[in-house]
Amino acid sequence: MAAFTGGEVYKTEFEPMAYLEYFKFGRGTLGDESLTFVLKHYCKTFTLGAVTGHTLIDIGSGPTIYQLLSACESFKEIIASDYIDQNCQELLKRLKNEPGAFDWTPVVQHVCELEGDRNKWAEKEGKLRGAIKRVLKCDVHKSNPLDPVVLPPADCLVSSLCLEAACKDHSSYCAALRNEFLRGALSATGFAIQEFDVLSRDDDTMQEIYHFSGMYFIVARKEKAI
């Protein structure tokens, strides 16, 4: 299992472009398997009309956009965030279509195929650029992860591979989930699990990359909205 990387080391040593090699889609790798898994569920969640609204906050976006490609069809405003400057810079570089940005085209085309028309990938990229209004710094261990920015309640929170990477053990993970911001950013009402799926691995490959042996996708909605 990979050793836990603390926040200060992450700030100084993390290289977004090296990480993004994992997201070069279509090579028949473990990255393809995990992306296919999550993209299928994001498409189902956001394009069938079950989860919609005005504002979506992505907690711990990293340097990636795959988790927002279907969401931009259902939300007018998306706020991305990350812990380190270099990830925020990579996101902004992609949104501004600057030279040297990672090429997400194969992933965007796959999402468009899932949504019914692979040829609309350029339109999809334009829609995402228009939907992401802000890229903020984020620290999930703070009472307000987006401090000093204070945001009004959002309609949806997304977090993909953030808490798993930021928390060194089960206790710190649970503490992050109990964060007042994560609960209050939506509402004080209860939540019910609407969808749960797991991508598990029988070998050690996943554990060599992450601190866990599989991936899960959960959709939890306010009880009164179901």
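Residues numbered from 1 in each chain as written. Predicted model: local features only at pLDDT ≥ 70, side-chain atom pairs only at ≥ 80, totals over all residues. Heavy atoms only, no water.

### Topic: the packing of aromatic side chains
- If you walk through the whole model with that rule in mind, you get 9 aromatic pairs.
- A centroid spacing of 5.1 Å and a plane angle of 90 degrees characterise the contact between tyrosine 22 and phenylalanine 23, whose relative ring orientation is edge-to-face. Both residues of the pair, tyrosine 22 and phenylalanine 23, belong to the buried class.
- Ring geometry for tyrosine 66 and tryptophan 104: centres 6.4 Å apart, planes at 35 degrees, overall tilted. Of the two residues, tyrosine 66 sits in the loop between β1 (53-58) and β2 (75-82) while tryptophan 104 sits in the loop between α4 (85-95) and α5 (105-114), which places them 38 residues apart along the sequence.
- For tyrosine 66, a relative accessible area of 3% puts it in the buried group.
- Grouped by ring-pair contacts, the aromatic residues Phe14, Tyr19, Tyr22, Phe23, Tyr66, Phe102 and Trp104 constitute a single cluster. (Phe/Tyr/Trp six-rings, centres within 6.5 Å; stacked < 30°, edge-to-face > 60°. Buried < 20%, exposed > 50% of the residue type's maximum accessible area, 1.4 Å probe, protein only. Helix = DSSP H or I, 4+ residues; strand = E, 2+ residues; numbered from the N terminus.)

### Re empty space enclosed by the protein
- Tallied over the entire structure, the rule returns 2 cavities of 30 Å³ or more.
- Forming the walls of the largest cavity are Ile65, Leu69, Arg94, Leu95, Val108, Glu125, Leu128 and Arg129.
- Where the lining of the largest cavity is concerned, the elements lending two or more residues are α4 and α6 (121-131).
- Along the lines of polarity and charge, the residues of the lining of the largest cavity split into 5 nonpolar, no polar and 3 charged. (1 Å grid on protein atoms, 1.4 Å probe; cavity = no way out; pocket = protein on both sides within 12 Å on 5 of 7 lines; lining within 4 Å. Points joined across faces, edges and corners; volume = space filled by probe spheres on them. Nonpolar A, V, L, I, M, F, W, Y, C, P; charged D, E, K, R; others polar.)

### Re the packing of α5 against α6
- Closest axis-to-axis distance for the α5/α6 pair is 9 Å, and the angle between their directions is 100 degrees. The orientation of α5 relative to α6 falls into the category roughly perpendicular. Only Trp121, Lys124 and Glu125 of α6 make contact with α5, whose side of the interface consists of Thr105, Val108, Gln109, Val111 and Cys112.
- Looking at the contact of α5 with α6 residue by residue, the class counts come to 4 nonpolar, 2 polar and 2 charged. (Axes fitted to C-alpha atoms, helices over the stretch in contact; angles between N-to-C directions. Parallel < 35°, antiparallel > 145°, perpendicular 65-115°, else oblique. Contact = heavy atoms within 4.5 Å.)

### Section: unusual backbone geometry
- Cis geometry marks the peptide bond from aspartate 147 to proline 148; its omega dihedral reads 10 degrees.
- Along the chain, the position of proline 148 falls in the loop between β3 (132-137) and β4 (156-158).
- At asparagine 97, a residue that is not glycine, the phi angle is positive and equals roughly 55 degrees.
- Counting through the fold element by element, asparagine 97 comes out in the loop between α4 and α5.
- Note on asparagine 97: relative accessible area 53%, which makes it exposed.

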